[in-house]
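Here's the letter readout for the chains.
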Amino acid sequence: MSTILDVFAHVLILIGALVSLTAAIGVVRFRDTLSRMHPATKPQVVGLLFVLGGAMIALRGSVDIWLMALAGMFMVLTAPVIAHRIGRVAYREQLGRDGLLDEDA
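Every value quoted in this text rests on a predicted model; they were computed, and no experiment measured them.

**Q** What am I meant to see in the environment of Phe50 here?
**A** Here Phe50 lies in helix H2 (residues 33-58). With 32 residues separating them along the chain, Phe50 and Leu18 place their C-alpha atoms 10.0 Å apart.

**Q** It is not clear to me how helix H3 (residues 65-93) should be interpreted in this structure. Could you clarify?
**A** Residues three or four positions apart in an α-helix share a direction because the helix packs 3.6 residues into each turn. An ideal rise of 1.5 Å per residue puts 42 Å on 29 residues; H3 measures up with 42 Å between its terminal C-alpha atoms. Approximately 30° is the largest bend angle found in H3, and it occurs at Thr78, with the proline Pro80 only one to four residues beyond. Of the surrounding secondary structure, the elements contacted by the buried residues of H3 are H2.

**Q** Would you take a moment to explain the environment of Ile13 for this structure?
**A** Mapping Ile13 onto the fold places it in helix H1 (residues 4-29). Judged by relative accessible area, Ile13 falls into the partly exposed class, the value being 31%. Along the backbone, Ile13 and Phe50 are 37 residues apart, and their C-alpha atoms lie at a distance of 6.0 Å. Ignoring sequence-local partners within four residues, the contact set of Ile13 consists of Phe50, Val51, Gly54 and Ala55.

**Q** Sorry, what's going on with H2 here?
**A** Over its 26 residues, H2 runs 37 Å from end to end, which matches the ideal 38 Å to within 8%, given 1.5 Å per residue. Maximum bend of H2: about 30°, positioned at Gln44. Within the span of H2, buried status applies to Ser35, Pro39, Thr41, Pro43, Val45, Gly47, Leu52, Gly54, Ala55 and Ile57. Buried positions along H2 lie against H1 and H3.

**Q** I keep staring at the packing of H2 against H3 and nothing clicks. Help me out?
**A** Each pair of packed helices gets described by two things: the angle between the helix axes and the distance between those axes. Between H2 and H3, the least distance of the axes is 10 Å, while the angle of their chain directions is 175°. Accordingly, the angle class assigned to the pair H2 and H3 is roughly antiparallel. Every residue of H3 that contacts H2 at Thr33, Leu34, Met37, Thr41, Gln44, Val45, Leu48, Leu49, Leu52, Ala55 and Met56 is listed here: Ile65, Met68, Ala69, Ala71, Gly72, Met75, Val76, Ala79, Ala83, Ile86, Gly87 and Ala90. The residue makeup of the contact of H2 with H3, split by class, is 18 nonpolar, five polar and no charged.

**Q** Could you clarify how one ought to interpret the pattern of salt bridges in this entry?
**A** Here the idea is simple: oppositely charged side chains can pair when their charged atoms come close. What the rule picks out here adds up to one salt bridge. Put simply, Arg60 and Asp6 hold a salt bridge, and the shortest N to O gap is 3.3 Å. You can see Arg60 sitting in the loop between H2 and H3 and its partner Asp6 sitting in helix H1, a full 54 residues away along the chain.

Analysis parameters
Residues numbered from 1 in each chain as written. Predicted model: local features only at pLDDT ≥ 70, side-chain atom pairs only at ≥ 80, totals over all residues. Heavy atoms only, no water. Helix = DSSP H or I, 4+ residues; strand = E, 2+ residues; numbered from the N terminus. Expected span 1.5 Å × (residues − 1). Bend = angle between axes of the 7 residues up to and from the residue. Contact = heavy atoms within 4.5 Å. Buried < 20%, exposed > 50% of the residue type's maximum accessible area, 1.4 Å probe, protein only. Axes fitted to C-alpha atoms, helices over the stretch in contact; angles between N-to-C directions. Parallel < 35°, antiparallel > 145°, perpendicular 65-115°, else oblique. Nonpolar A, V, L, I, M, F, W, Y, C, P; charged D, E, K, R; others polar. Salt bridge = Lys/Arg side-chain N within 4 Å of Asp/Glu carboxyl O.

See the structure below:
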């Protein structure tokens, strides 16, 4: 017999998997590096946080919860930095679409 918390955990994991799937589709479908940065960072991190949150609820009382919390915190802290670095390199190498970055502000 599953409890309400188990159902909620499975729903969170399913939502996280779907958000991560849409992020993967966005990375494949967008044309240039600057457009691919968004689905590679924001939805991916949110999807991972949903999956980790669902796993934490499903594994309540386990020692592994702190490791999952640490993994989520590490992802939240590093993903914006990585996206910023990739954006700077793409801008300097002019890997964007023509006309996307006409004005240097």
